[in-house]
Amino acid sequence: MAAPAAKQEGFYDCRDAWARTIEELAENDPRIVAVVNDSVGSSKLGGFQKKFPDRLINVGIAEQNMVGVGAGLANGGRIPFVSAASCFLTGRALEQVKADIAYAGFNVKLVGQSSGVAYGELGPTHHSIEDFAWLRPLSNITMVVPADSWETAEAVKWAAAHEGPVYIRLSRMPVPDLSVEDRKFQPGKAELVRKGSDVTIIACGTMVHLAVQAAVELEAEGISARILNMATITPLDEAAISAAASETGAIVTVEEANIHGGLGGAVAEHTSANLPVPIERMGFPGFVPTGSVEWLFDHFGLTAAGIARSARKAIGRKRG
Amino acid sequence: MLKNDLVDTIREKALWMRRRAFTMVYDAQLGHPGGDFSAIDIIATLYFGVMRYDPKKPDMPERDRFIMSKGHATGALYTALCAAGYYPEDWLKTYMQPQSKLNGHPNRNYLPGVETNTGPLGHGLPVALGIAIAGQMTNSDYRTFVLTGDGELQEGSNWEAAMSAGNRKLGKFTLIVDRNRLQQGMGTEETNGLDPLDDKFRAFGWDVEVVDGHDVGALVNALSEPPGGRSKPLCIIANTIKGKGVSFMENKASWHHGVPNAEQYDIAMEELV
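Residues numbered from 1 in each chain as written. Chains lettered and ligands numbered in written order. Predicted model: local features only at pLDDT ≥ 70, side-chain atom pairs only at ≥ 80, totals over all residues. Heavy atoms only, no water.

> Mind showing me how you'd approach the UniProt feature "domain: Transketolase N-terminal" (unreviewed entry) in chain B here?
The UniProt record marks residues 18-261 of chain B with the feature "domain: Transketolase N-terminal" (unreviewed entry), using the residue numbering of this structure. Helix makes up 35% of residues 18-261 of chain B and strand makes up 12%, while its end C-alpha atoms are separated by 17 Å. (UniProt positions renumbered as here; feature names shortened; annotations may be inferred. Helix = DSSP H or I, 4+ residues; strand = E, 2+ residues; numbered from the N terminus.)

> For this particular structure, what's the right way to read the environment of Ala 73 of chain B?
All names here are of chain B. Tracing the chain through its elements places Ala 73 in the loop between strand S1 (65-68) and helix H3 (74-83). The sequence separation of Ala 73 and Phe 37 amounts to 36 residues, and the corresponding C-alpha distance is 8.6 Å. Not counting residues within four places of it along the chain, the set of residues in contact with Ala 73 comprises Gly 35, Asp 36 and Met 68. (Contact = heavy atoms within 4.5 Å.)

> I would appreciate a short explanation of the interface of chain B and chain A in the present structure.
How big an interface is tends to be reported as the loss of accessible area on association of its parts. With 28 residues of chain B at the interface, the matching set in chain A holds 26 residues. On the chain B side of the interface with chain A, the three residues burying the most area are His 123, Met 137 and Glu 160 of chain B, jointly 27% of the side's total. Our enumeration of links across chain B and chain A arrives at 13 residue pairs in polar contact (both at pLDDT 80 or more). Broken down by secondary-structure element, the contributors of at least two residues to the side of chain B that touches chain A are helix H4 (124-137) and helix H5 (156-168) of chain B. No other element matches the 8 residues that H4 of chain B contributes to the side of chain B that touches chain A. Split by residue class, the side of chain B that touches chain A holds 11 nonpolar, 11 polar and 6 charged. (Buried area = accessible area lost by both parts, 1.4 Å probe. Polar contact = N/O pair within 3.5 Å; in protein donor to acceptor, adjacent residues only side chain to side chain. Nonpolar A, V, L, I, M, F, W, Y, C, P; charged D, E, K, R; others polar.)

> So what exactly am I meant to see when it comes to the sheet that holds strand S13 (residues 251-258) of chain A here?
Within a sheet, each strand pairs with its neighbour through backbone hydrogen bonds, oriented either parallel or antiparallel. All names here are of chain A. If you walk across this open sheet you meet the 5 strands as S9-S11-S10-S13-S14, and the pairing is mixed. Looking at the sheet topology across the chains shown, the edges are occupied by strand S9 (191-194) and strand S14 (279-284). Averaged over all neighbouring strand pairs, the angle between strand axes comes to 25°, with direction disregarded. Here 5 bridges tie strand S10 (residues 199-203) to strand S11 (residues 225-229), and the two strands are oriented parallel to one another. Residue pairing in the sheet places Thr 200 in a bridge with Arg 226 of S11. (Pairing = 2+ DSSP bridges. Axes fitted to C-alpha atoms, helices over the stretch in contact; angles between N-to-C directions.)

Here's what the structure looks like:
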């Protein structure tokens, strides 16, 4: 396993919020069950297992069966949360996700843990940076990428109440809570984290707090950057993207994912067809070299300074 | 119903299903008639001799479930659901036509009575396992039946599910293997052999019964729950004949997805009486 990131004051692993919330929900709804592939620990479901030993189904290291079992549990009236490292959940079981969950439309919640490059030095076999591109065309799966602990808890609560397939993508990288007034989790809606008029930075998951830092840096130079937390990748908030394009004229997308087919791809699809503006897509271009998460973020410019650099570049590409 | 009457009823239904399925395939010039015919006696036995269900309440929680893992054999499944009363016979005429509810592989969102979407092989057993686990967790009385092809068992996902089912001692879970020994191109044993299939399932913690998959009486016996129930999942290896019932189709891999011309259709209809 990757070495845990150094503990930083005010930074939290969203898996803790997930685990707390699923335990609370399960207390009140006996239909909620968890399905894992020998992933109790990495899913932080030890507490759930203690409280509800009969409601945790560990199929062992068998992802295809795990996802199929999830569909069957939904057929049997349960509300299954299928939780596993997102690289194996979405990659190994992709056909089950497509046919048994998306196409069949079962009320199953897929929870991808330790997504992106959270496994750092373990390398691309254990990274999950392709999941956005794999799951985006399965458009009846609501795909949610929480940016902090609060949003994680809200997304899990919403998913439990929502009738239909959901994919929640979590990291294991500690992130700070975002500072947004009167927050309300709205699936399919971008969250305006910061107002701005010169450029819009659209980020998700672990990248949102870095985008906020970039905006602070840019403000010192007199650049007003709007920050959108695009926690829902599917369905995409196209209205917020259109507004960003028409009102700020330049966009930066930032995701802990492959830039092909992910958030940046989705934003570019929408703007190129409707309101073409300069876009800088930040993320990973493909398989990444060996390195810690911190090194990888730095190497690929996924830092406040790197995001600010992309913002300046996007602004520089505006016409006129 | 007396056993003999029950067997006669099932045979009648199976005959109707074969004739109707073959007509669907002939009209559409599409389908998988070989696998339809190897499976029809099994499916007819389930729907008309074994399972508890109410076609007026397809979502009834306590219904017995049937999962058609060999989803390509829609001729067998769609005629069974129609005969069971889930939808009118008119619907069968739309088989594989544009916008039809009767897709080439079953979709639960299109048709009542379809428990899950199948088509890609190796999907039915894991989903059925989940249904059986849900039943076990809630102390429900329903039984879960899943029919796989034999060639389909070359998919590894089946063995993930088989291992899990054996370990969970799911006594209300029954797998029927349509053992016609032919996959789409050639024999199972010359492709990637499955024998000894019974030993494989026993080793995975299952009870195993081997029956003639066209002997309706034997199927009724094998599929009926013994007094006191079971403490392990049950695998019924049903030895079948691909294309069963039509002389020129029997045991021919080419009828996996072969479709009849007019002359062949007429001969088949003369034989299926």
